[in-house]
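Spelled out from the first residue to the last, the chains are:
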Amino acid sequence: MAVNMISLKNVSKIFATKYGNVRAIHNVNVDIVESEIFGIIGHSGAGKSTLIRCINLLEAPTSGSVVVDGEDMTTLSKKALCDKRKKIGMIFQHFYLMPSRTVLQNVMLPLKGANMPKHEKVKKAEDLLNLVGLSHRVSAYPSALSGGEKQRVAIARALANDPNVLLCDEATSALDPQTTTSILNLLKEVNAKLGITIVLITHEMAVIKEICDRVAVMEGGEIKELGTVFDVFATPQSDVGREFVASTTSLHKVYELIEKNSPLTQLASDEILVKLAFTANNAQETLLHDAATRFGIKTNIFFGNVEFIQGKPIGNLVVIVKGPQENIDNALNYLQENEVSVKVL
């Protein structure tokens, strides 16, 4: 039975400014399971950074409860909260390494007040640097490191107090695509080896697709959609979810052509443009061909792609469908009956 590591109940955050109150997040409810990698995606201003900072109470919620590993963070004393935060590691977009300290010394910083001999602190830091692939850089200073190496040091530092939660605040946004992939692979390795619950916020759906088990889609301080990464990619339920999914393929180009009224999307009176989404249940079946044959319609594929999410295929087709309206309706109904997602564009 899955155990919740993090439970947010009716969490809201309002900031008071000279221009009035600003609602950053509103009535958020979400449970994050122990040892899962949970993604939070949204555009700038969606509230995702505020939400993740509420988990370790760097931002105190205006209302609601934040339960981490069985304890409500909002009820803890300052000392108890400080102790609790030691079990919640955090990495950031800009690394925040101490430039005057070596890689080894940076990783040892969280152990400053720990009740252990110095040689044990050194050994622990060395082991963590070995875990993140930087055992050869222990004596280097941050200025000599690449962006990816700096983030690896930051990850090692975040793991120094043996946390059971790791919060990642746009941790790959400052990195190039190849380095981003290597950092995401490292986070997956950390999750698999140590069983740490990872909460990751990003504005890039490609990051969610690569690493997360489940995802919450945020907009305007609210969660608009929540589900497994496969389900959200296969059948997004919100406008912002569909927008993010389209951004990972060339589908967004199709939408741009439609908005610009491109000649490529001009249709005859007996034609419609349809987006079809095929999932693992039907991706290998000849449903489109069957529908055309059975109902006497013609189809012309305008765009298509297939990708694998969490090991299962998802196919997207944009198709021009031609024929009598009744035949088209019957064909689309047939596809829907066979679990194909149909959206008339």
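None of these values were measured; they are calculated from a predicted model.

1. Describing the nonpolar core
Thinking step 1. Ile91 and Leu187 are the most contacted members of the largest nonpolar core, which totals 54 residues.
Thinking step 2. For Leu187, the residues in contact, after removing those within four places along its chain, are Ile91, Ile155, Leu166, Cys168, Ile198, Leu200 and Ile211.
Thinking step 3. With 28 residues, the next largest nonpolar core counts Ile52, Cys54, Val66 and Val165 among its residues.

2. Details of the domain arrangement of the protein chain
Thinking step 1. Looking at the assigned domains, one finds that the protein chain contains domain 1 (4–247) and domain 2 (249–344).
Thinking step 2. The gap between the C-alpha centroids of domain 1 and domain 2 is 38 Å.
Thinking step 3. Contacts between the two partners involve 12 residues from domain 1, matched on the other side by 14 residues from domain 2.
Thinking step 4. Approximately 1,100 Å² of surface area, both sides summed, lies buried where domain 1 meets domain 2, with 63% of it carried by carbon and sulfur atoms.
Thinking step 5. Of all the elements in the fold, those that place two or more residues in the side of domain 1 that touches domain 2 are α8 (229–234) and α9 (239–247).
Thinking step 6. Considering only residue class, the side of domain 1 that touches domain 2 consists of 7 nonpolar, 3 polar and 2 charged.

3. A look at the packing of aromatic side chains
Thinking step 1. Taken as a whole, this structure holds 2 aromatic pairs when the rule is applied.
Thinking step 2. Summarising the aromatic geometry, the rings of Phe295 and Tyr334 are spaced 5.8 Å apart at their centres and angled 55° between planes, so their arrangement reads as tilted. Pair noted here: Phe295 is in helix α11 (residues 287–295) and Tyr334 is in helix α12 (residues 325–337), with a separation of 39 residues, a long-range link.
Thinking step 3. One cation-aromatic arrangement involves Lys13 over Phe15; the distance from NZ or CZ to the ring centre is 5.0 Å.

4. A few points about the sheet that holds strand β10 (residues 222–228)
Thinking step 1. On the basis of which strands lie adjacent, the open sheet formed by 6 strands has the order β6-β7-β8-β3-β9-β10 and mixed pairing. Strand pairing shows two members of the sheet lacking a second neighbour, β6 (88–92) and β10, which therefore form its edges. Between one strand and the next, the sheet's axes are offset by a mean angle of 15°, whatever the strand orientation.
Thinking step 2. Running over the sheet, helix α1 (residues 48–55) touches β3 (37–41), β6, β7 (165–169), β8 (197–202) and β9 (214–219) and is turned about 155° from β8.

5. Comments concerning helix α6 (residues 177–194)
Thinking step 1. Compared with the 26 Å implied by 1.5 Å per residue over 18 residues, the 26 Å span of α6 between its first and last C-alpha is a close match.
Thinking step 2. Within α6, burial applies to Thr179, Thr180, Ile183, Leu184, Leu186, Leu187, Val190 and Asn191. Viewed end-on, α6 has its buried residues packed into an arc of 155°, placing them on one side of the element. For α6, the exposed residues lying more than 90 degrees away from the buried face are Pro177, Gln178, Ala192 and Lys193.
Thinking step 3. In this structure Asp176 caps α6, since a side-chain oxygen of it lies 3.1 Å from the backbone nitrogen of Gln178.

6. Comments concerning unusual backbone geometry
The phi torsion of most residues other than glycine is negative, and most of the peptide bonds are trans.
Thinking step 1. Residues other than glycine seldom take positive phi values, yet Ser35 does so here, at roughly 75°.
Thinking step 2. Within the secondary structure, Ser35 sits in the loop between β2 (20–33) and β3.

7. Overview of the pairing of strand β13 (residues 312–322)
Thinking step 1. Extensive coverage of β13 is indicated by the burial of 9 of its 11 residues.
Thinking step 2. For strand β11 (residues 271–278) and β13, the ladder comprises 8 bridges, and the chain directions are antiparallel. The residue of β13 that forms the bridge with Leu276 is Leu317.
Thinking step 3. Of the strand pairs in this sheet, strand β12 (residues 298–309) and β13 are connected by 11 bridges, and their pairing is antiparallel. Each residue of the ladder has a partner; that of Asn305, found in β13, is Asn316.
Thinking step 4. From the end of β12 to the start of β13, which pair antiparallel, there are 2 residues, and Gln310 there has a positive phi angle of about 50°.

The rules we used
Residues numbered from 1 in each chain as written. Predicted model: local features only at pLDDT ≥ 70, side-chain atom pairs only at ≥ 80, totals over all residues. Heavy atoms only, no water. Core = buried A, V, L, I, M, F, W, Y, C linked by side-chain atoms within 4.5 Å. Buried < 20%, exposed > 50% of the residue type's maximum accessible area, 1.4 Å probe, protein only. Contact = heavy atoms within 4.5 Å. Domains from an automatic or database assignment. Buried area = accessible area lost by both parts, 1.4 Å probe. Helix = DSSP H or I, 4+ residues; strand = E, 2+ residues; numbered from the N terminus. Nonpolar A, V, L, I, M, F, W, Y, C, P; charged D, E, K, R; others polar. Phe/Tyr/Trp six-rings, centres within 6.5 Å; stacked < 30°, edge-to-face > 60°. Lys NZ or Arg CZ within 6 Å of the ring centre and 35° of its normal. Pairing = 2+ DSSP bridges. Axes fitted to C-alpha atoms, helices over the stretch in contact; angles between N-to-C directions. Expected span 1.5 Å × (residues − 1). Arc of directions from axis to C-beta. Polar contact = N/O pair within 3.5 Å; in protein donor to acceptor, adjacent residues only side chain to side chain.

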